[in-house]
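# Structural overview for review
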Amino acid sequence: GSPLENKYLACALLARGSVQLSDVNRNVSKLSKQLDMVQWNQEGFKVGLCSVPPINHPYSVLCLSNNCCIRSTFKRMEDRFKTLYDRRKAFVHHYTQYVEESHLVEALENIVEAQSDYEELQATGIISSFQSQSGDPRISASRSIYSPVIS
């Protein structure tokens, strides 16, 4: 799913190069209006500044975020695991040479539990603040957090 259609738990920005803190703060303010943060962490941004620019560029920004759109990735992992492990068991012997088979089952349980946790977090507010502000559910699909943060 689209990151903007999901709840965010936290967001970190690391800016390198000739970047002013005031520019970063201004853009964090813009970004925070677009993101649907969990209720208990409405100001969940951390910012790091490094004056050393990346090679061949005046500046760069790295954004690391934890949001509920990871659920679909966990679901794909679960489906792939079940295909290989439950149905075929063709390749299991390659892994059981190094790992006990019970660890494979435990890994699947952990993925399913993490998926469930993110489902619960997302369900705490089904309509994102972005959609409710605009009134148009299509608006979130047209925006991207991958566009440059610093202007």
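Described below are features of the structure shown in this document. (Residues numbered from 1 in each chain as written. Predicted model: local features only at pLDDT ≥ 70, side-chain atom pairs only at ≥ 80, totals over all residues. Heavy atoms only, no water.)

## Side note on the pairing of strand β1 (residues 7–17)
Bridge analysis of β1 against strand β2 (residues 36–37) gives two bridges, and the strand direction is parallel. Bridging from a neighbouring strand, Tyr 8 pairs with Met 37 of β2. Handedness of the crossover joining β1 and β2 through helix α1 (residues 21–34): right-handed. Bridge analysis of β1 against strand β4 (residues 59–67) gives nine bridges, and the strand direction is antiparallel. Considered in β4, the bridge of Tyr 8 is made with Asn 67. (Pairing = 2+ DSSP bridges. Helix = DSSP H or I, 4+ residues; strand = E, 2+ residues; numbered from the N terminus. Right-handed = clockwise from strand over helix to strand, strands pointing away.)

## Concerning α1
In this model, α1 (14 residues) spans 20 Å end to end at C-alpha, consistent with the 20 Å of a helix rising 1.5 Å per residue. The set of residues buried in α1 consists of Val 24, Asn 27, Val 28, Leu 31 and Gln 34. For α1, the buried positions fall inside an angular range of 110° around the axis, keeping them on one side. Of the residues in α1, the exposed ones pointing more than 90 degrees away from the buried face are Ser 22 and Lys 33. (Expected span 1.5 Å × (residues − 1). Buried < 20%, exposed > 50% of the residue type's maximum accessible area, 1.4 Å probe, protein only. Arc of directions from axis to C-beta.)

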